[in-house]
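Results of the structural survey
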Amino acid sequence: MPSIGSLVRRPEVGSLIGMIAVLVFFSIFGGANFMSAGGAASWLNVASELGIIALPIGLLMIAGHLDLSVGSMVPASSMTIAILSGHYDLPIIVGILAALGLGLAVGFINGVLVIRTKVPSFVVTLATLFALAGLTLGLSVILSGSTSVALKSGPTAKLLFGDYLGGKFEVTLFWWIAAILIVGFILNFSRFGNWILAMGGDAVSARNAGIPTDRLTIALFMSSGLCASFVGMSQAILYNSAQVAAGQSFIFNSIIAVVIGGVLLTGGYGSVVGIVLGTLTFAIVNQGIFYTGFDANWASLIIGVLLLAAVLMNDTFRTLALTYAPRAKSRAR
């Protein structure tokens, strides 16, 4: 039977407590509507889209990197599929592949720039964020003459990427579950997970130990770009249109969800379960405020306080985990 020390050593313990706390809070103050099917769908839909992006962002942060370019990747991929398959009437599969290919290409560029320039990934991806936003705006106006483009995707693409189950739950929930299983396997049951944790702990030592840190870095950035482009593509299919200005909220929302989930900004520490719990916690707060009698303008304040509390709670549990076992041994002696 696991001991208390082994339980609190888990990186997701703090995020689990936080998620339960906010769920109970909004269940009490949000009334029956919050826990209804429609209420659950409101925050689960937000969690699914955010979660698909937060998972690779979490892996990047565990490895000691950040990717801010996802904020521009989402609208860029949305406009790509909308312009190709909406404005120019190309087959929807062409638009989907182009959107996903764009995400892979941008991720590859981010990874190569981080490796070759040795500039922190925060700066590199911040530059990519603005560059991609400018390209998306400029090319959208040139190619379509507008910053908003309509899209008719067809029944198959709609069913797979942009439909509602029972009229409430987005189909992206299933894609999020699939992403959780894939990323969970990578981090917990493959050598790549050990490599990611080792690289986040000490990149130089990991490289000296024979871990292909350069290729791993590029792969992680490409996965981040792919997931962000997937969300952008699915949004365009779901809403039957794409806009240049959409997606900017994903930049910090994904980081907030990952940090709430117990991942260290300094790298080397985190779990997939924690990231999922952090994503759910953020989504519950983000949507739950609308079911209470509180002013919705206070939502940002609540999220800010939640972020700080989550970081402090996670640090506390890590400290307890590191000090519990030695004390137990000393008492046994």
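Residues numbered from 1 in each chain as written. Predicted model: local features only at pLDDT ≥ 70, side-chain atom pairs only at ≥ 80, totals over all residues. Heavy atoms only, no water.

Moving on to the overall build of the protein. Along the protein, the regular secondary structure elements total 15 helices and four strands. Relative to the 2.2 N^0.38 estimate, which gives 20 Å for 333 residues, the radius of gyration of the protein is 21 Å and therefore close to what a compact globule would have. Each of the three principal axes of the protein carries a C-alpha extent, and together these read 75 × 55 × 35 Å. Out of the 333 residues belonging to the protein, those deemed buried represent 50%. Across the protein, contacts joining residues at least 24 apart in sequence account for 78% of those joining residues at least 6 apart. (Helix = DSSP H or I, 4+ residues; strand = E, 2+ residues; numbered from the N terminus. Rg over C-alpha atoms; globule rule 2.2 N^0.38 Å. Buried < 20%, exposed > 50% of the residue type's maximum accessible area, 1.4 Å probe, protein only. Contact = heavy atoms within 4.5 Å.)

With that out of the way, let us pick up the nonpolar core. Within the largest apolar cluster, 84 residues are counted, with the highest numbers of intra-cluster contacts made by Trp176 and Met233. At 13 residues, the largest contribution of residues to this core is made by helix α4 (residues 37-62). Contact partners of methionine 233, with chain neighbours within four places excluded, come to Ser77, Ser78, Ile81, Ile96, Ala99, Leu100 and Phe161. (Core = buried A, V, L, I, M, F, W, Y, C linked by side-chain atoms within 4.5 Å.)

Considering the arrangement of structural elements, one finds serine 271 in the loop between α13 (250-260) and α14 (272-288). A relative accessible area of 5% places serine 271 in the buried class.

The predicted coordinates should not be examined in detail at positions where pLDDT is low. Scored by pLDDT, the protein comes out at a mean of 88, with 91% of its residues at no less than 70. Taken element by element, the protein is modelled with least confidence in helix α1 (residues 4-8), mean pLDDT 59, and with most confidence in helix α6 (residues 92-117), mean pLDDT 97. (pLDDT = per-residue confidence, 0-100.)

With respect to the helices and strands, the residue alanine 21 is situated in helix α2 (residues 13-29). For the pair formed by alanine 21 and glycine 232, sequence separation is 211 residues and the distance between their alpha carbons is 31 Å.

Moving on, we come to the packing of α4 against α14. To describe two helices that pack against each other, one gives the angle between their axes and the distance between the axes. The interhelical angle for the contact between α4 and α14, taken along N-to-C directions, is 140 degrees, at an axis separation of 8 Å. Classified by the angle their axes make, α4 and α14 are oblique. α4 and α14 meet at a crossing whose hand is right-handed. On α14, the residues touching Ser42, Trp43, Leu44, Val46, Ala47, Leu50, Gly51, Ala54, Leu55 and Gly58 of α4 are Val272, Ile275, Thr279, Leu280, Phe282, Ala283, Ile284 and Gln287. By residue class, the composition of the contact of α4 with α14 is 13 nonpolar, five polar and no charged. (Axes fitted to C-alpha atoms, helices over the stretch in contact; angles between N-to-C directions. Parallel < 35°, antiparallel > 145°, perpendicular 65-115°, else oblique. Left-handed = near helix turned anticlockwise from the far one by under 90°. Nonpolar A, V, L, I, M, F, W, Y, C, P; charged D, E, K, R; others polar.)

To continue, consider the environment of isoleucine 237. In this fold, isoleucine 237 is placed in helix α12 (residues 213-239). When the C-alpha atoms of isoleucine 237 and isoleucine 96 are compared, they prove to be 9.7 Å apart, with 141 residues separating the residues in sequence. Apart from the residues lying within four places of it in its own chain, the contact partners of isoleucine 237 are Ile81, Ile96, Leu151, Ser153, Ala157, Lys158, Phe161 and Gly162.

Below, the discussion takes up unusual backbone geometry. Of note, lysine 118 is a non-glycine position whose phi angle comes to about 65 degrees, a positive value. Position of lysine 118 relative to the elements: it lies in the loop between α6 and α7 (121-144). The exposed category is assigned to lysine 118, whose relative accessible area is 64%. In this structure, asparagine 240 is a non-glycine residue whose phi angle is positive, near 60 degrees. Looking at where asparagine 240 falls in the secondary structure, it is placed in the loop between α12 and β4 (241-243). When its relative accessible area of 37% is taken as the criterion, asparagine 240 is described as partly exposed.

What follows concerns a nonpolar patch on the surface. A grouping of Tyr88, Leu90, Ile93, Val94, Leu97, Leu135, Leu139, Ile142 and Leu143 is seen on the molecular surface, where their side chains present a nonpolar patch of about 850 Å² in accessible area. Of all elements in the fold, only α6 and α7 reach the threshold of two or more residues within the nonpolar patch. Examining the composition of the nonpolar patch, we find that four residues originate from one element, α7, more than from any other. Within the fold, tyrosine 88 resides in the loop between α5 (70-87) and α6. When its relative accessible area of 41% is taken as the criterion, tyrosine 88 is described as partly exposed. (Patch = residues over 30% accessible without salt bridge, like charges linked within 9 Å, V, L, I, M, F, W, Y side chains within 5 Å. Areas by Shrake-Rupley, 256 points an atom, 1.4 Å probe, with all protein chains shown as cover. Salt bridge = Lys/Arg side-chain N within 4 Å of Asp/Glu carboxyl O.)

Let us look at helix α9 (residues 172-189). Taking 1.5 Å per residue, 18 residues should reach 26 Å; α9 reaches 25 Å between its end C-alpha atoms and fits that length. Where the residues of α9 are buried, they touch α4, α8 (155-161), β3 (169-170), α10 (191-201), α12 and α14. (Expected span 1.5 Å × (residues − 1).)

Okay, α12 next. In an α-helix there are 3.6 residues to a turn, and that puts residues three or four apart on one side. Here α12 spans 39 Å end to end across 27 residues, near enough to the 39 Å set by a 1.5 Å rise per residue. Of all 27 residues that make up α12, 20 are buried, and the element is covered over most of its length. Positioned one or two residues after α12, asparagine 240 has a phi angle of 60 degrees, which is positive.

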